[in-house]
Each structure stands twice: as C-alpha cells, then as structure tokens.
Amino acid sequence: MKTNALRLLVISCFLALTLGLASRAAAQEPAPTPSDDEVNRVAKQLFCPVCENVPLDVCPTQACAEWRELIRLKLSQGWSDQQIKDYFALQYGDRVLAEPPRQGLNWLVYILPPVVFLGGVALLVSVLRRMRARAAAPTPAPAPPQQPGEPEDEYLRRVEEELKRAEKS
Amino acid sequence: MVANFGFGALVITFLVSLYGIGAAIYGARRAQPAWVESARLAMLLTFPLITLSALTLIYLLLTGHYEISFVYGVTSSAMPFYLKITALWGGQAGSLVFWSWLMSAFATAVTLRKWDRDHEFLPWVIVVALVTVAFFLALVIFFENPFNRFWSTASGQVEAFFQPANSVAIFPSDGRGLNPLLRHPGMIIHPPMLYLGFVSFVIPFSFAIAALVTGRTDDRWIRLTRRWTLVAWLFLSLGLVLGGRWAYDVLGWGGYWGWDPVEIAAFMPWLTGTAFLHSVMIQEKRGLFKRWNMVLIILTYSLVIFGTFLTRSGVLSSVHAFAQSAIGPMFFGFIGLTFIASLALLLYRWNDLQAEGQMHSMLSRESLFLFNNLFFMGILAVCFAGVIFPLVSELFTGQKVTVNAPYYERATGPLFIGLLFLMGIAPLSAWGHSTIKTIGKAVWKPALASFVVLAALIITGMRSIGALIGFWLVAFTAFITLYEYGRAVVARARRTGESLPASFWHLAGRNRRRYGGYTIHLGIVLMAIGIIGIEVFQVETQGTIKAGQSINLSGYQVTYRQLDEFDLPDGRNVARAVVDISRDGKSLGQLFPRRDYYYASQQPMTIPGVRSSMEDDLYVILVDWKPISADGATFKVYHNPLVNWLWLGSIWLIFGTLVAAWPDKDKETERIVIAAPGSAVRQTIS
C-alpha cells in the first residue's frame, strides 16, 4: 500500500513534470511569434508568385502580405527555411525560387555561360599561342624599339614623345 | 482631324524612308551621285516629318484627346503639364515614335557632316539608318499605332485607326493616367537617355556596315565614329545610372539594381559597347582584331534593338505575352535578319580584314584589352543566358522559372573583379610590348600603398573577404591611375617649367582621350566603392511600433511620431508617416516615408524617406499601419553604407567622358595655320 502510494506519487510527479514541460514547450512556440526580420529572411529568398521578378519581402501587394504571414505561420510551426522554400515551390511552381533548381533542362542556364567563357578563353589562348609562335619565328621585328637605358620610364617616354609632337604642331 | 495629320506624317515618313533606301542602293551600285544625293535629301526629310508627327502626338496628349487610346492610356486631366509631355514615352506606341524621332535626328546630324573624303560611305550609312527608322515606323503604322481611336461596335469596344463598319466613336471624359511608377523626375530623363544611347550606337554600326559593303576596311570608319561611340556610351551609362537612381527613390526596396530582365536588356549593349570602345583602340594603334571589332559592333546593334524591344514590351514575363504581342515576332525577325545579313557581309570581307601587325607579348596593352573583352563577353553570356532562359524553359517544359540576383551575382562577381584589376594594370602596359619587369617597375609603389590600405582595413576590423578584395582592388586601381597621372604632370612641369596645375591642365588637354579615359576609370572606381558598400554591408530590419516607440539599426534610432492619411487632387491617397531620426542620442531631423495609392490604376507606391550622407544612407519605408495609426505602424529600415559614392562616381564618369569626347580644337588651329602661313595666327599658337 505504501509502496503503491509512493509509486503513484512518483508517476504522477513524473506525469505532471512531463506534461508541464510539454505544455510549456507548446506554449513557448507560438508565444514569441517569428519577427518580421525572420520572415523577411525567408521571404527574401522567394519571389512573388504573381508579379514578375519581385522578391517576396518587398512586394507591396496584399497577396504577398498574406504569403509573408504564411511564412510566419510555418516558421512558428518550426519549419526550416528550406522546408518553406520547398513548400512554396511545390504550391506555386519553381518560379518562386530565385534561381531555377539544378535539374533537367535548367542545367542549360548554369552550363551555357561557362562553356561560352571557356570557349573565349580557348580562343584567346590559341591567338596568344600563334602570336608566340610567330614571335619565335625568325621574323626580325620583335618589340618596337625601346630606349635601352631606362625601360622603367617607358611611360614617361611616351608622354614626352607626345609633348614633343604637340610642340611641333 | 489632328490625329489623322499625325498618322499621315508617319506614313509619308515611312514611304520616304523606303524611297531613300532604294535610291541610296541604286545610286551606290550604279555610281550615280544624283541618286545618292536624292537619298541624302530623303534622309534629311525624315526628321522634320517625324517631328511633325511627334508634335501632333504631344499636342493630343496635352489637350486631353481621350478618344485616342494611347492618350487615354497614359494621361489624365489631373496630371501636371510636364508629365503629359513625358507621357509620350510612357507607353509602347508612343515610345516607338519617340525612338524613331531620336534615331532620325541622329542620322540627320550624321548626314549633315562634311563627307569630303568619305563619300563612298554615305549611301550605306543612309541605308542602315533608314532601314532602322523604317522598321520602327512600320511597327508603329501596322501594329502599335498611337493614333488609334476607340470605337463602339455591335461586338463591343474596339481600338482602330479607321472607323469600323457600323461603329460609333467613343469619347471618354478622362484618361486612365500615367503608370504611377513613371511619375518621377528620374523617369522623365531616364528613358530618353537610354534611347539616346541606343540610337547613337546605330551610327558606328552603320559606318561599320558601310565599311564592309564598300570594302574600305581600314580603321577610317572607327576614327569617324569614335566620338559617336563615346557619346552613345555616355548616354547609355547615364540611362542605366538614372534607372538605378529611379529604382532607389521610387521602388522602395532599398536597392538600385534588381537584376530584372528589363535592366539587363539595357545593360547588355552597354557591355558590348564598352568592350568595343576598348578594342577599337587596338585596331587604331596596331591594326589588329578588325574582325572582332566588326563582331562587337554588330552584336551591339542587335542588342540595342533587343533592348528597345524588351524594355517596353514585357514580353519576357511569359511566352504567351510574346505570342499575343504582335510586334514580338516582328522584332525577333528583324534582329535575326539584320544579324545574319551583317555576319554574311563580314564573312564576305573576312580576308580583307586581316591583321596588319602581330602581337608580341602577353602583357602588351593589346593582349590586356583582349582579356578585358573576354571578361565583358563572359558577363554578357551570363546575362543573356539568364534573360533568355525563362522563355526557353516555358517553351519546352511549360515550367516558369525565375533567374535572379543569386545566379547573376555568383557568376559575374569574379568577372567584375577581373575587370577592376585589369583597369588598374592595363594603363601601365605599352602598346606592342611589355614585360612583367616593365609593368612591375611602374606598379610597385601604388601596389604597396594599396596593401597599406588593405592592412588598415583589416586592423579596423573589416572581416568580409568580398569587401576586402573589393576595397583593395579599388585602392590599387585608384592609386595606379592617380600615380600615372601625377608622374606625367610632374614630368611635364619639369620639362616646360609650368606650375603643376597648369601642367595638369595642359597635359589633359594634349591627350584628352587618355586622361579622359583615366578620369572615367576613377569614376568607375568611385562607383565600385558605393556598390561594395551597399552589397556587402547593407543591413535591414522591420518592426511594428506604436507612436513614440523606436526601431534601432546600426546606431540609428528611428522613432515613430505620427501618420496622416489624405487624398490629393491628382487622384491618389497618401499615407505619410513622420519619424524622428537620431544617432547616438543626437537628433538628425525627420523623415517622411509614405505610401501613395493611385485610385485609377489601383496601384500602391512606396516612397522611402532617406537620410543621405557620403558615409551612409538611412532608408525608411512605410510598410503598413493600424486602422488607428497611433496604435502602430510597420516600418522597414535599411542601412546602406557608402551608396552615395555610386552617384558621385557616375557624375565623375560623365565628366571624364566629356573630357575624352570633346571636339579637338587643335585640329582646327592646325588647319588655320595651313590656311594662313606665317601670319599672326602662328604666333598665337606658340
């Protein structure tokens, strides 16, 4: 009997404690509603699903204000930024993301510019190579004549030449 | 009917343009100067004709002829006088007329120049200019007529120029008014600047085509159009900066550049144009890369037309909008045709465009310019892919996507850094030949100074890698540029015995192109300071506060005082908040962020309150407010460090461009000397 009572006491204390903790935890989550700054942090990474190219955090329309409240709600439910972004993309399509997800045809936009740029680099390298090959060839007219004495003042020499020319005219 | 007169003038201009094209080609092919002269007169005639048409349209806008659909769409009786005029470019139809007007003005100015030595170019310059004018006029006449009227028919209301059968004209009592976003002083000059930039790039293009057709492929066409290119570049730069300023003042998102397709559309010809501006110098000095210059100017022209199209049509928002807009396919067709025709001409002359010289050194000025071109083209590739991709995606998969800031910033950031670095060292390298040694000798002092700046920044607590790289490059480039300028000034002063200021002045006058270029570079450096400041160090916060409460950000305190809501006679409801600004307890005055709501277009606008200094901007936006305003209002506050340097740099850049492009007085005096040898003139020169 005594032990039973003790057991009951322990159990009830334990229950009270866990329940209390749980209820405190439950009360704690909605209590500090996510601040505007937290909402904007997420909204900044999303785009208005109806207007073109307007980030969700600055869009002045009523619809966007409601979407921001939705973000606040999701944040208060403990969703992560990524979960919220995925949720919006699922609901409204990939256009709400700041850049196309890396999949399928979308790779094109990521691959094309580097390919063009590398093509440019290749072209440039081949031009410079040809240049070096020609310079190595016995064509006798390498660098334009340079004042042997003072190569460091090459720039000043140019300036002086111009001044001389100007004075002549 | 006034509208009929305006439209008639447009149709006649169109016919005159077609005649001019035919006459110029015929005259040039058959070598008959009389026909070329006739084409020239046709060219000259287009300007007064389009002027008549444009003035007619302005008259209709000013006098409130709301039965004209364009007038109805962009004006209302409550709008002030100046906005009614600028409404000319507030809608697509009007801006096409405006574009043709500017194009015709510039082409006429070119036609009026003395052609003595370059007469063979004339007919082909006329052809290119008139083809461009005729294309825009065709769009206006057949697809986007600003003189269309409203008619009521059995099936409903229609817009047409000619009266449909069994219809009655409609006379609305008032117009819908200009898009509120466009009612801003920045919007008054931003589009004209952009358009001026666009049309003036057509001039070097037309000379390039003339050079290809006539086979006179030396650098004459480049020398003839050097100033046009600079002026085009200046206007385009100004247009871009003003657009950024307008966005900063009006759009209420704390920034100046949003990587919107419309912005990028105007930015792309600037990229190729800037690359062109540099690479033509290689051809002038060394006779290299003639083909590449042709490619660049052809690209610039295509991008100019593309940009004009995108900035107005909103086509990029969806494939459907593109399919619905009648002019979309026309534009693409025109761009495609002119691009292919120009490339075909280039291939035809390919062998004539061989390099006259050779490259000798990896570090010569010409190779560094090539790297500069590579970076510009890289940025262009990123921009083009980003702008076009949403269309491609929707077309092939039906999935709409957004390509925005993260994509562009990640991809172009390193390229911009590369350009900034090149801007620093390229002026040190010589044409023809440079080595690490020659550049190194010139560079070490300014480089050392820039590292001192870097160390100072680290010591004062700056930890952002991006900002450190950026500011180091800014210091590096600025020091080199100033050092080069300073050395030359001192050398000249020593040589001539002038005072330093006089030496400075004369040196710049002697080689305005170089020192104008240096000045532009310094302007870019100043702009870079502003861009790094706002990009890296911008912070923001948002909060709802009651009257008397404050929001704190970066040492500033924003205290909400009151909010008033009232109607204005021009058809808007204004909610205007009053906030006190203080910093570290010291009062800095009041700001008045407000929200304007335009009833007619049901459009809200967020006008920020900004406190601006060279150190930073405090940018306050009114986001929302409670029904009883004292109960609370929501503000968003941005702290934008250094952003004013961006605007300062752009003014500096204008100054530099003017220095570089100002007409040479020297050449005229040379001519006088020849005309009057031995006379008193010679003494005045020496």
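Calculation criteria
Residues numbered from 1 in each chain as written. Chains lettered and ligands numbered in written order. Predicted model: local features only at pLDDT ≥ 70, side-chain atom pairs only at ≥ 80, totals over all residues. Heavy atoms only, no water. Helix = DSSP H or I, 4+ residues; strand = E, 2+ residues; numbered from the N terminus. Contact = heavy atoms within 4.5 Å. Phe/Tyr/Trp six-rings, centres within 6.5 Å; stacked < 30°, edge-to-face > 60°. Buried < 20%, exposed > 50% of the residue type's maximum accessible area, 1.4 Å probe, protein only. Lys NZ or Arg CZ within 6 Å of the ring centre and 35° of its normal. Polar contact = N/O pair within 3.5 Å; in protein donor to acceptor, adjacent residues only side chain to side chain. Pairing = 2+ DSSP bridges. Lys, Arg positive; Asp, Glu negative; His and termini not counted. Salt bridge = Lys/Arg side-chain N within 4 Å of Asp/Glu carboxyl O. Axes fitted to C-alpha atoms, helices over the stretch in contact; angles between N-to-C directions. Expected span 1.5 Å × (residues − 1). Buried area = accessible area lost by both parts, 1.4 Å probe. Nonpolar A, V, L, I, M, F, W, Y, C, P; charged D, E, K, R; others polar. Core = buried A, V, L, I, M, F, W, Y, C linked by side-chain atoms within 4.5 Å. Parallel < 35°, antiparallel > 145°, perpendicular 65-115°, else oblique. Left-handed = near helix turned anticlockwise from the far one by under 90°.

J.: Give me the lowdown on the overall build of chain B, citing residues and values where you can.
T.: Each helix and strand in chain B was counted, giving 21 helices and 13 strands. Put simply, 70% of the contacts in chain B that link residues at least 6 apart link residues at least 24 apart.

J.: Let's hear about the packing of aromatic side chains: which residues, and what values?
T.: A ring pair, where both rings are aromatic, is described by two values, the distance of the centres and the angle of the planes. Counting across every chain of the model gives 51 aromatic pairs over all chains. An angle of 85° between the planes, with centres 5.4 Å apart, marks the rings of Phe135 of chain B and Phe331 of chain B as edge-to-face. Of this pair, Phe135 of chain B sits in helix 6 (residues 122-143) while Phe331 of chain B sits in helix 12 (residues 327-348), placing them 196 residues apart in sequence. In this pair, the class of Phe135 of chain B matches that of Phe331 of chain B, namely buried. With centroids separated by 5.7 Å and ring planes inclined at 15°, the aromatic side chains of Phe267 of chain B and Trp270 of chain B adopt a geometry described as stacked. Remark: Trp270 of chain B and Phe267 of chain B occur in helix 9 (residues 261-286); sequence separation between them is 3 residues, near one turn of the helix. Taken together, the ring pairs in this structure connect Trp107 and Tyr110 of chain A together with Trp233, Trp257, Trp259, Phe267, Trp270, Phe376, Tyr407 and Tyr408 of chain B into an aromatic cluster. Sitting over the ring of Trp79 of chain A, Lys74 of chain A keeps its end group 4.2 Å from the ring centre.

J.: Let's hear about unusual backbone geometry: which residues, and what values?
T.: Residues and elements named next belong to chain B. Although it is not a glycine, Ala31 sits at a positive phi angle of roughly 55°. Tracing the backbone shows Ala31 in the loop between helix 1 (2-29) and helix 2 (33-62). Phi at Ser554 takes a positive value of approximately 50°, unusual for a residue other than glycine. In this fold, Ser554 is placed in the loop between strand 5 (550-553) and strand 6 (556-568).

J.: Account for the environment of Asn373 of chain B, naming residues and giving values.
T.: Residue and element names in this part refer to chain B. Relative to the helices and strands, Asn373 is located in helix 13 (residues 365-397). For Asn373, a relative accessible area of 2% gives the class buried. For Asn373, the contacting residues outside a window of four places in its chain are Ala275, Ser279, Trp292 and Leu296. A polar side-chain atom of Asn373 sits 2.7 Å from a polar atom in the side chain of Trp292.

J.: An account of the sheet that holds strand 2 (residues 156-160) of chain B is requested, with residue identities and associated values reported.
T.: Residue and element names in this part refer to chain B. Taken in spatial order, the 3 strands of this open sheet run 2-1-3, and their pairing is antiparallel. Sheet topology places strand 2 and strand 3 (168-169) at the edges, where each strand pairs with a single neighbour. Judged from the 5 bridges that link them, strand 1 (residues 149-153) and strand 2 form a sheet pairing that is antiparallel. Bridge pairing in strand 2 links Trp151 to Val158.

J.: If you had to explain the side chain of Asp616 of chain B to someone new, which residues and values would you point to?
T.: Residue and element names in this part refer to chain B. Structurally, Asp616 is set in strand 12 (residues 616-625). Summary of buried charges: Asp616 has no salt-bridge partner, and the nearest side chain of opposite charge, Arg583, is 4.0 Å away. A polar contact of 2.9 Å, which involves the side chain of Asp616, links it to the side chain of Tyr556. Among the polar contacts listed, one links the side chain of Asp616 to the side chain of His639, at a separation of 2.7 Å. If sequence neighbours within four positions are ignored, Asp616 has contacts with Tyr556, Arg583, Arg611, His639, Asn640, Pro641 and Leu642.

J.: So what's going on with the sheet that holds strand 4 (residues 539-545) of chain B? Residues and values would help.
T.: In a beta sheet, neighbouring strands pair by backbone hydrogen bonds and run either parallel or antiparallel. Residues and elements named next belong to chain B. Read from one edge of the open sheet, 4 strands run 4-13-12-11, paired in antiparallel fashion. A single partner strand is all that each edge strand has here, and the edge strands are strand 4 and strand 11 (609-612). Direction aside, the axes of adjacent strands within the sheet are offset by 15° on average. Bridge count between strand 11 and strand 12: 4 bridges; the pairing is antiparallel. Bridge pairing links Ser612 to Asp617 in strand 12.

J.: Lay out the environment of Leu473 of chain B in plain terms, naming residues and giving numbers.
T.: Residues and elements named next belong to chain B. In this fold, Leu473 is placed in helix 16 (residues 465-496). Judged by its relative accessible area of 3%, Leu473 falls in the buried class. Leu473 sits 51 residues away from Leu422 along the chain, and the two C-alpha atoms are 9.9 Å apart. Setting aside residues no more than four positions away along its own chain, Leu473 makes contact with Ile417, Leu420 and Phe421.

J.: I'd love a proper account of the pairing of strand 1 of chain B, names of residues and values included.
T.: Both faces of the sheet carry side chains from a regular strand, because those side chains alternate between them. Residue and element names in this part refer to chain B. With respect to burial, strand 1 is a largely interior element, 4 of its 5 residues being buried. Taking the residues that link successive antiparallel strands as the turn, the strand 1-strand 2 hairpin has 2 residues. One ladder, built from 2 bridges, connects strand 1 with strand 3; its direction is antiparallel. Along strand 3, the bridge assignment pairs Ser152 with Val168.

J.: Hey, could you go over helix 5 (residues 92-111) of chain B for me, with residue numbers and the actual values?
T.: Taking 1.5 Å of rise per residue, the 20 residues of helix 5 of chain B would be expected to cover 28 Å, and the 28 Å separating its terminal C-alpha atoms lies within 8% of that figure. Buried residues dominate helix 5 of chain B, accounting for 18 of its 20 residues.

J.: An account of the interface of chain A and chain B is requested, with residue identities and associated values reported.
T.: The interface is formed by 54 residues belonging to chain A together with 71 residues belonging to chain B. Here chain A packs against chain B, burying approximately 5,100 Å² in sum over the two surfaces, 61% of which is carbon and sulfur. Our count for the chain A to chain B interface comes out at 3 salt bridges. At the boundary of chain A and chain B, one finds 12 residue pairs in polar contact (both at pLDDT 80 or more). Contributions of two or more residues to the side of chain A that touches chain B are made by helix 2 (36-43), helix 5 (107-136) and helix 6 (154-168) of chain A. For the side of chain A that touches chain B, the element with the highest residue contribution is helix 5 of chain A, accounting for 14 residues. Here the residues of the side of chain A that touches chain B are counted per class, giving 28 nonpolar, 7 polar and 19 charged.

J.: Describe helix 18 (residues 512-537) of chain B, and please don't skip the residues or the numbers.
T.: The end-to-end C-alpha separation of helix 18 of chain B is 37 Å, in line with the 38 Å expected for 26 residues at 1.5 Å each. Most of helix 18 of chain B is tucked away: 20 of the 26 residues are buried.

J.: Before we move on, could you go through the nonpolar core and cite the residues and values that matter?
T.: Residues and elements named next belong to chain B. Core analysis: the largest hydrophobic core is formed by 199 residues, its most contacted members being Trp99, Met103, Phe121, Phe207, Trp221, Ile305 and Phe331. With sequence-adjacent residues up to four places away left out, Trp221 is seen in contact with Phe121, Pro204, Phe207, Ala208, Ala211, Phe276, Gln283, Met294 and Ile297. The next biggest cluster of nonpolar side chains, apart from the first, holds 19 residues, and it includes Leu553, Ala577, Leu618 and Val620.

J.: A description of the packing of helix 14 (residues 405-425) of chain B against helix 16 of chain B should follow, citing residues and the corresponding values.
T.: Residues and elements named next belong to chain B. It is at 8 Å that the axes of helix 14 and helix 16 come closest, and there the two elements cross at 20°. One element, helix 14, and the other, helix 16, form an angle in the roughly parallel class. Crossing handedness for the pair helix 14 and helix 16: left-handed. For the pair helix 14 and helix 16, the contacting residues are Ile417, Leu420, Phe421, Met423, Gly424 and Ile425 in the first and Ile469, Trp472, Leu473, Val474, Phe476, Thr477 and Ile480 in the second.

J.: Please give an account of the pairing of strand 7 (residues 572-583) of chain B that cites residues and values.
T.: Residue and element names in this part refer to chain B. Counting buried positions along strand 7 gives 10 out of 12 residues, so the element sits mostly inside the fold. Pairing of strand 6 with strand 7 involves 12 bridges; the strand directions are antiparallel. Along strand 7, the bridge assignment pairs Glu565 with Ala575. Where strand 6 folds back on strand 7, the antiparallel hairpin that results is connected by 3 residues, among which Gly571 adopts a positive phi of roughly 85°. As paired elements, strand 7 and strand 9 (residues 594-598) share 5 bridges and run antiparallel to each other. For Asn573, the partnering residue across the bridge sits in strand 9 and is Tyr597. Inspection of the sheet shows strand 7 paired to strand 8 (residues 586-591) by 5 bridges, in the antiparallel sense. Bridged to Ile581 within strand 8 is Gly589.

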